[in-house]
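Fold and contact review
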Amino acid sequence: MVRILYSWKVAPEKLELFIETWKKTTNKIHEEVKGARGSFMLQNHEDSTAIMTIARWDSFNDWKQFWHEGNHSQMGSMHDLGERVSVEIYNEVDDFTK
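Residues numbered from 1 in each chain as written. Predicted model: local features only at pLDDT ≥ 70, side-chain atom pairs only at ≥ 80, totals over all residues. Heavy atoms only, no water.

**Regarding empty space enclosed by the protein**
A full pass over the atoms with the stated rule returns one cavity of 30 Å³ or more. Computed from the structure, the largest cavity encloses a volume of approximately 150 Å³. Going through the elements one at a time, α1 (15-32), β2 (36-43) and β3 (50-57) are the ones with two or more residues in the lining of the largest cavity. Its residues assigned to classes, the lining of the largest cavity shows nine nonpolar, five polar and two charged. (1 Å grid on protein atoms, 1.4 Å probe; cavity = no way out; pocket = protein on both sides within 12 Å on 5 of 7 lines; lining within 4 Å. Points joined across faces, edges and corners; volume = space filled by probe spheres on them. Helix = DSSP H or I, 4+ residues; strand = E, 2+ residues; numbered from the N terminus. Nonpolar A, V, L, I, M, F, W, Y, C, P; charged D, E, K, R; others polar.)

Structure (C-alpha coordinates):
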(Lines give C-alpha, C1' and ligand atoms only; values in the text may rest on other atoms or scores of the structure.)
Protein backbone atom coordinates (compact mmCIF):
# COMPACT_ATOMS: atom_id res chain seq x y z
CA MET A 1 0.00 0.00 0.00
CA VAL A 2 1.02 3.58 -0.60
CA ARG A 3 -0.37 6.84 0.70
CA ILE A 4 -0.34 9.93 -1.48
CA LEU A 5 -0.37 13.20 0.49
CA TYR A 6 -1.74 16.20 -1.39
CA SER A 7 -1.36 19.59 0.29
CA TRP A 8 -3.85 22.28 -0.78
CA LYS A 9 -4.44 25.95 -0.16
CA VAL A 10 -8.13 26.84 -0.43
CA ALA A 11 -9.63 30.31 -0.08
CA PRO A 12 -12.23 30.50 2.72
CA GLU A 13 -15.05 31.38 0.33
CA LYS A 14 -14.32 28.27 -1.77
CA LEU A 15 -13.76 25.83 1.09
CA GLU A 16 -17.29 24.40 1.36
CA LEU A 17 -17.49 23.74 -2.39
CA PHE A 18 -13.95 22.30 -2.38
CA ILE A 19 -14.95 19.81 0.32
CA GLU A 20 -18.11 18.75 -1.54
CA THR A 21 -16.18 18.42 -4.79
CA TRP A 22 -13.48 16.35 -3.08
CA LYS A 23 -16.11 13.98 -1.64
CA LYS A 24 -17.60 13.32 -5.07
CA THR A 25 -14.21 13.06 -6.75
CA THR A 26 -12.59 10.71 -4.26
CA ASN A 27 -15.63 8.42 -4.18
CA LYS A 28 -15.78 8.28 -7.97
CA ILE A 29 -12.07 7.46 -8.24
CA HIS A 30 -12.42 4.80 -5.52
CA GLU A 31 -15.34 3.19 -7.36
CA GLU A 32 -13.90 3.33 -10.87
CA VAL A 33 -10.09 3.16 -10.74
CA LYS A 34 -8.11 -0.03 -10.16
CA GLY A 35 -6.09 0.08 -6.97
CA ALA A 36 -7.73 3.22 -5.52
CA ARG A 37 -8.75 2.69 -1.89
CA GLY A 38 -10.24 6.10 -1.14
CA SER A 39 -8.91 9.00 0.85
CA PHE A 40 -9.49 11.26 3.80
CA MET A 41 -9.20 14.99 4.31
CA LEU A 42 -7.54 16.98 7.10
CA GLN A 43 -7.83 20.69 7.82
CA ASN A 44 -5.08 22.54 9.66
CA HIS A 45 -6.21 23.51 13.15
CA GLU A 46 -4.64 26.98 13.02
CA ASP A 47 -4.99 27.77 9.31
CA SER A 48 -8.35 26.63 7.95
CA THR A 49 -7.20 27.33 4.37
CA ALA A 50 -4.53 24.60 4.64
CA ILE A 51 -6.02 21.27 3.59
CA MET A 52 -4.41 17.86 3.21
CA THR A 53 -5.99 14.96 1.37
CA ILE A 54 -4.43 11.56 1.87
CA ALA A 55 -5.23 8.86 -0.66
CA ARG A 56 -4.57 5.16 -0.22
CA TRP A 57 -3.57 3.03 -3.20
CA ASP A 58 -2.79 -0.68 -3.54
CA SER A 59 0.53 0.16 -5.17
CA PHE A 60 2.64 3.00 -6.50
CA ASN A 61 2.16 1.55 -9.99
CA ASP A 62 -1.64 1.74 -9.68
CA TRP A 63 -1.39 5.42 -8.72
CA LYS A 64 1.14 6.10 -11.47
CA GLN A 65 -1.11 4.42 -14.05
CA PHE A 66 -4.04 6.57 -12.85
CA TRP A 67 -1.99 9.68 -13.68
CA HIS A 68 -0.50 8.40 -16.94
CA GLU A 69 -3.85 7.27 -18.35
CA GLY A 70 -5.32 10.73 -17.88
CA ASN A 71 -7.83 9.68 -15.21
CA HIS A 72 -6.51 12.48 -13.05
CA SER A 73 -8.68 14.87 -15.06
CA GLN A 74 -11.39 13.86 -12.58
CA MET A 75 -9.52 16.06 -10.11
CA GLY A 76 -9.74 19.09 -12.40
CA SER A 77 -12.62 20.70 -10.54
CA MET A 78 -10.62 20.51 -7.31
CA HIS A 79 -7.82 22.42 -9.03
CA ASP A 80 -10.35 25.07 -10.05
CA LEU A 81 -11.21 25.62 -6.37
CA GLY A 82 -7.86 25.26 -4.65
CA GLU A 83 -4.14 25.38 -5.27
CA ARG A 84 -2.33 22.07 -4.93
CA VAL A 85 0.85 22.99 -3.06
CA SER A 86 2.60 19.61 -3.03
CA VAL A 87 2.33 15.86 -3.57
CA GLU A 88 4.28 13.38 -1.48
CA ILE A 89 4.33 9.58 -1.73
CA TYR A 90 4.80 7.32 1.28
CA ASN A 91 4.94 3.55 1.50
CA GLU A 92 2.53 2.34 4.14
CA VAL A 93 4.49 0.37 6.71
CA ASP A 94 1.57 -0.47 8.99
CA ASP A 95 -1.82 0.87 10.02
CA PHE A 96 -3.35 0.29 13.42
CA THR A 97 -6.28 2.69 12.99
CA LYS A 98 -9.72 1.21 13.50
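**Remarks on the environment of I54**
In this structure, I54 sits in strand β3. Taking the relative accessible area as the measure of exposure, I54 reaches 10% and is therefore buried. Through-space distance from the C-alpha of I54 to that of E83 is 16 Å; in sequence the pair is 29 residues apart. Ignoring anything within four residues of it in the chain, the contact list for I54 reads R3, I4, L5, G38, S39, F40 and L42. (Buried < 20%, exposed > 50% of the residue type's maximum accessible area, 1.4 Å probe, protein only. Contact = heavy atoms within 4.5 Å.)

**Some thoughts on the nonpolar core**
Within the largest apolar cluster, 20 residues are counted, with the highest numbers of intra-cluster contacts made by Y6, W8, W57 and F66. Listing elements by their share of this core, those giving two or more residues are β1 (2-10), α1, β3, α2 (60-68) and α3 (76-81). Contact partners of Y6, with chain neighbours within four places excluded, come to I51, M52, T53, A55, W63, W67, M75, R84, S86 and V87. (Core = buried A, V, L, I, M, F, W, Y, C linked by side-chain atoms within 4.5 Å.)

**Points about a nonpolar patch on the surface**
On the surface, a cluster of nonpolar side chains totalling about 220 Å² of accessible area is made up of F60, V87 and I89. Inspection of the secondary structure assignment puts I89 in strand β4 (residues 82-91). (Patch = residues over 30% accessible without salt bridge, like charges linked within 9 Å, V, L, I, M, F, W, Y side chains within 5 Å. Areas by Shrake-Rupley, 256 points an atom, 1.4 Å probe, with all protein chains shown as cover. Salt bridge = Lys/Arg side-chain N within 4 Å of Asp/Glu carboxyl O.)

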